[in-house]
Amino acid sequence: MVSIARTPHPREKRLIFKNVDRPGYTPDIDCYLADGGYEELKKAVSMPPPDIVAEVKASGLRGRGGAGFPCGAKWGFIKPEETKPVYLICNADESEPGTFKDRYIIHQDPHQLVEGMIIACYAVKARLAYIYIRGEFPLGAKILEQALAEARAHNFLGKDILGSGFDLEIYVHRGAGAYICGEETGLIESLEGKRAYPRIKPPYFPAVLGLYMSPTIVNNVETLCNVKHILRMGGAEYAKMGRPNNTGTRVLCVSGDVQRPGYFELEVGGITMGELIYDVCGGLKPGRKLKAVIPGGSSAKVLRAGERYKMKSKQPDGSMAEREIGLEEIPMDFDSLAAVGSMAGSGGVIVMDDTRDMVWTLNNINEFYAHESCGQCTPCREGSLWMMKMTTRMLQGGGVSSDPDTLKSVADNIAGRTICAFGEACAWPTQSFIAKFRDEFSGLAERNGRMTNNGAPHTESHP
Amino acid sequence: MMEIPPELAVRIDEVISHYPVSKRSASMPLLHLFQEKFGHITDEAVLWIAQKLELEPINVLELVTFYPMFRREPVGRCHVRVCRTLSCAMAGGYELLDAFCKHADIQPHAEGHGGHLLKSADGRYSVEFVECLASCGTGPVCMIEDDFYEAVSLAEVPQLLQKYA
Ligand SMILES: Cc1cc2nc3c(=O)[nH]c(=O)nc-3n(C[C@H](O)[C@H](O)[C@H](O)COP(=O)(O)O)c2cc1C
Ligand code: SF4
Ligand code: FES
């Protein structure tokens, strides 16, 4: 992989990305071992598994894949007396637009992930695990296979790991270009050798009826990497990083119209949107103004510059106070981004300046979802395509004044009526772009109307 | 029945052993192995895999038609995948696709790019749009064969194509 190396920003706190772009650091096990690698595994196999689950619960770690579900609680769904086999799957599908963090862990520090996975498997008593990696990471898959072989050679994997009596095998499974494999039940179907059609919940919660209808834990790459740091620091100590209910560090991926895009590992909520954009990413390009930010991968609802949000916060005396903040003041954590009506999602922050046309932007997003809908549910299959066709027509000069309302009604009729959260993921962009940039959507209709009357259709070419 | 080279047969058996609970799980890995070896998935390959895994052929074929990376026709000898998604598009992904087409002597479709595979008449090159390749901070990005390139400038395109000629 040709990769653009960078030095960490002074505001970063690198835990998970400690070895990313570190000079002289290689993916070999020797390099990892020389750096204290697999010490946490040695510690883990001397602990009773429920104690590890308890540490992860105490850490407050929330999933880094998108939904932010508490990791310890998820593991706790697996009962210690479970009689069915338990499986663990690492979600390395990294395909939410705007997200680029797991890629670097996989390519540059694979053993951190492998160690985290082995500890997680020991904690939930999984004896067979898979890393589901997106098909477009062929080199990443090779690196992981090599790392697993090295771990096996050191008896960190295989039979009777480090004399503990615990057996475990981990294999790499490659996807083949479908975004829906990132959704955990779609992923499970795919791993069973089928089309990645998500399963309906209830009853098919992975922790109950997952892979091969057995209890299964699915965790994101970054989530699993956190596990070894939690064991090293202790759950309570880990929980001191970040903010209450939003603990630890998180890798934020910034792309779009900033001077210095990239990945930045920061304490969760330790930075505001404004500090991220202006201090860490060097601000916007000269002469440009901030227009909009999508804060958590392309499914997250867009935020408009100049918007004001009411935020409730707990005061030191325990009472609740409300204050009004702007986009730049939003702390980058799960709860704050949810409070302003969007989500922290996958950590992918996409920044747009005032040269961007919101119809063009939404159309690009709509094309993605129209292409990626698995097609099981009518509202999603038809609606995602319909929204895409409408925004495309608007760009080509055929906008009509009813478009914003029609778009909104199509989106409103998808969300909440589908098997999986892709329904929301494809509806939220349209709902939020229309709500926040309505003028542009209706304005385009008027502008285009005039242009088509002149016989000169409006065509978009951006940038 | 299709001729399977011995080294491929060894890899197939190895891969199947990764799925002790259900052989069916090996169908995607086997499709990857076949596509790597033969460039695309033929009807014969579908039948062979189905027989090997004790499945109906449709169980294998429906994967080929569902997963975008599997293809039923050959691509060019050098295959280029350009990211189409938002951050790359903002950084010039559409222009990058056009540049690859121009220098590879490919006629882009008159309308849109909609995920079609574009091929040069001489079969040397093929170009397609793919969705977000998880490197949005360094767009526009592309993959040429299995190699990955970031922040690709339009000026680099001719050399890149030359490198894989
Ligand atoms: C449409 C859709 C796509 C998703 N894509 C990914 C993905 O690429 N990577 C990921 O880790 N989680 C993804 N998720 C979230 C997973 O379903 C699941 O919640 C996550 O892997 C759980 O791991 P975590 O608790 O460690 O975050 C996606 C969810 C949806 C609905
Ligand atoms: S919501 Fe969309 S992606 Fe999810 S199962 Fe239904 S059709 Fe498939
Ligand atoms: S948008 Fe191109 S790599 Fe993500």
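What counts, and at which threshold
- Throughout, residues of each chain are indexed from 1 in the direction in which the sequence is written.
- Chains carry letters and ligands carry numbers; both start at the beginning, A for chains and 1 for ligands, and go up in the order they are written.
- Where local features are concerned, this predicted model is filtered to residues with pLDDT of at least 70; where side-chain atom pairs are given and counted, the filter is 80 or more; whole-chain, interface and lining totals use all residues.
- Heavy atoms from the whole structure form the basis of all side-chain values; hydrogens and water molecules are not counted.
- The secondary structure listing takes helices from DSSP runs of H or I that are at least 4 residues long and strands from runs of E that are at least 2 residues long, numbered from the N terminus.
- Buried residues are those whose accessible area, probed at 1.4 Å on protein chains only, stays under 20% of the maximum for their type, while exposed residues exceed 50% and partly exposed ones sit between those limits.
- Contact definition: two residues touch when any of their heavy atoms are within 4.5 Å.
- Surface accessibility in these figures is a Shrake-Rupley result with a 1.4 Å probe; residues are shielded only by whichever protein chains are displayed.
- In this description, buried area is defined as the sum, over both parts, of the accessible area (probe of 1.4 Å) that is lost when the two are combined.
- Any carboxyl oxygen of Asp or Glu within 4 Å of a side-chain nitrogen of Lys or Arg constitutes a salt bridge here.
- Pairing of N or O atoms within 3.5 Å defines a polar contact, subject to two protein rules: one partner must be a possible hydrogen donor and the other a possible acceptor, and residues neighboring in sequence count only if both atoms are side-chain atoms.
- Amino acids outside the nonpolar list (Ala, Val, Leu, Ile, Met, Phe, Trp, Tyr, Cys, Pro) and the charged list (Asp, Glu, Lys, Arg) are all regarded as polar, and Gly is one of them.
- Multiplying 1.5 Å by the residue count of a helix minus one yields the expected span of that helix.
- What is meant by a nonpolar core is a set of buried Ala, Val, Leu, Ile, Met, Phe, Trp, Tyr and Cys residues, joined one to another through side-chain atoms within 4.5 Å.
- Nearness here has a simple test: a residue counts as near a molecule or strand if at least one of its heavy atoms is within 4 Å of that partner.
- Points on a 1 Å grid, built from protein atoms alone, make a cavity when a 1.4 Å probe fits but cannot get out and make a pocket when they are open with protein on both sides within 12 Å along at least 5 of 7 lines; residues with an atom within 4 Å of a point are the lining residues.
- Occupancy of a cavity or pocket is assigned to a molecule whenever over half of its atoms lie within 2 Å of that pocket's grid points.
- Grid points are joined across faces, edges and corners, and a volume is the space filled by probe spheres set on the points.
- Ring pairs are drawn from Phe, Tyr and Trp, using the six-membered ring of Trp, whenever the two centres fall within 6.5 Å, and their geometry is named by plane angle: stacked under 30 degrees, edge-to-face over 60, tilted for the rest.
- Here, over-ring charges are defined by two tests on the NZ atom of lysine or the CZ atom of arginine: distance to the ring centre within 6 Å, and angle to the ring normal within 35 degrees.

K.L.:
An account of the overall build of chain B is needed here, citing residue identities and associated values.
P.N.:
Summing up its helical and strand segments, chain B has 7 helices and 5 strands in all. Overall, chain B shows an N-to-C arrangement of helices and strands of α-α-α-α-β-α-α-β-β-β-β-α. The principal-axis extents of the C-alpha atoms in chain B amount to approximately 50 × 35 × 30 Å. Put simply, chain B has 165 residues, and 56% of those count as buried. Long-range pairs, those at least 24 residues apart, make up 58% of the contacts in chain B with a sequence separation of at least 6. Approximately 7,400 Å² of chain B is accessible, and the part contributed by carbon and sulfur atoms is 51%.

K.L.:
Talk me through the interface of chain A and chain B; I want residue IDs and the actual numbers.
P.N.:
On the chain B side, the residues contacting the 62 residues of chain A number 43 residues. Both sides of the chain A and chain B interface together cover about 4,200 Å² of buried area, and 60% of this is carbon and sulfur. When residues of chain A are sorted by the area they lose upon contact with chain B, Ala 176, Arg 195 and Asn 364 of chain A head the list and together hold 15% of the total. At the surface where chain A touches chain B, the tally comes to 2 salt bridges. The salt bridge partner of Glu 367 of chain A is Arg 84 of chain B, with a shortest N-O separation of 3.4 Å. Scanning the region where chain A abuts chain B turns up 20 residue pairs in polar contact (both at pLDDT 80 or more). Among the secondary structure elements, those contributing two or more residues to the side of chain A that touches chain B are α5 (102-108), β2 (126-133), β3 (169-174), α8 (184-191), β7 (249-256), β13 (348-353) and α14 (358-372) of chain A. Considering each element in turn, the side of chain A that touches chain B owes the most residues, 8 residues, to α14 of chain A. Grouping the constituent residues of the side of chain A that touches chain B by class yields 33 nonpolar, 15 polar and 14 charged.

K.L.:
Can you explain the environment of Leu 284 of chain A? Please cite residues and give values.
P.N.:
Residue and element names in this part refer to chain A. Looking at the secondary structure, you find Leu 284 in the loop between α12 (273-280) and β9 (290-294). For Leu 284, a relative accessible area of 10% gives the class buried. Each C-alpha atom, one on Leu 284 and one on Gln 259, is 5.6 Å from the other, the two residues being 25 residues apart in sequence. Ignoring sequence-local partners within four residues, the contact set of Leu 284 consists of Asp 257, Val 258, Gln 259, Ile 277, Tyr 278, Lys 289, Leu 290 and Val 351.

K.L.:
Quick rundown of helix α10 (residues 221-233) of chain A? Include the residues and the values.
P.N.:
Residues and elements named next belong to chain A. Taking 1.5 Å per residue as the helical rise, α10 with its 13 residues ought to reach 18 Å, and the 19 Å between its terminal C-alpha atoms agrees with that figure. Extensive coverage of α10 is indicated by the burial of 11 of its 13 residues. Those residues of α10 that fall on the buried side of the exposure criterion are Val 221, Glu 222, Thr 223, Leu 224, Cys 225, Asn 226, Val 227, Lys 228, His 229, Ile 230 and Leu 231. Just downstream of α10 lies Gly 234, where phi reads positive at about 90 degrees.

K.L.:
Can you break down the nonpolar core residue by residue, with the values?
P.N.:
Ranked by size, the top nonpolar core spans 83 residues in total, and within it Ile 294, Phe 433 and Phe 441 of chain A together with Ile 12, Leu 30, Phe 34 and Tyr 67 of chain B carry the most contacts. Examining the composition of this core, we find that 7 residues originate from one element, α14 of chain A, more than from any other. If we ignore the near neighbours within four places in the chain, the residues touching Phe 441 of chain A are Met 358, Val 359, Leu 362, Met 394, Pro 404, Leu 407, Phe 433 and Ile 434 of chain A.

K.L.:
Describe the site of ligand 2, with residues and values.
P.N.:
All names here are of chain A. If you check the shell around ligand 2, you find 13 residues, and the closest are Cys 374, Cys 377, Cys 380, Thr 418 and Cys 420. Here ligand 2 occupies the largest cavity. Class assignment for the residues of the shell around ligand 2 results in 8 nonpolar, 5 polar and no charged.

K.L.:
Lay out empty space enclosed by the protein with the relevant residues and their values.
P.N.:
Residue and element names in this part refer to chain A. Counted according to the given criterion, the structure contains 4 cavities of 30 Å³ or more. In this structure, the largest cavity is lined by 13 residues; those nearest its centre are Cys 374, Cys 377, Cys 380, Cys 420 and Phe 422. Of the residues in the lining of the largest cavity, the class split is 8 nonpolar, 5 polar and no charged. There is about 50 Å³ of room inside the second largest cavity. In terms of lining residues, the second largest cavity is bounded by Arg 250, Leu 252, Val 268, Pro 295, Met 332, Asp 333, Phe 334, Leu 337 and Ala 344.

K.L.:
Summarise the packing of aromatic side chains; cite the residues concerned and give the values.
P.N.:
Under the defined criterion, the tally for this structure stands at 23 aromatic pairs over all chains. Note on Phe 69 of chain A and Phe 77 of chain A: the rings are 6.1 Å apart at their centroids and 40 degrees apart in plane angle, and the pair reads as tilted. Residue classification places Phe 69 of chain A among the partly exposed residues on the basis of a relative accessible area of 37%. Classification of Phe 77 of chain A as partly exposed rests on a relative accessible area of 46%. With a centroid separation of 6.3 Å and 75 degrees between ring planes, the pair formed by Tyr 67 of chain B and Phe 70 of chain B is classed as edge-to-face. Both residues of the pair, Tyr 67 of chain B and Phe 70 of chain B, belong to the buried class. Linked through ring pairs, Tyr 179, Phe 368, Tyr 369 and Phe 422 of chain A together constitute an aromatic cluster. Positioned above the aromatic ring of Phe 148 of chain B, the side-chain terminus of Arg 103 of chain A is 4.0 Å from the ring centre. Arg 134 of chain A extends its terminal NZ or CZ atom over the ring of Phe 137 of chain A, reaching a point 5.7 Å from the ring centre.

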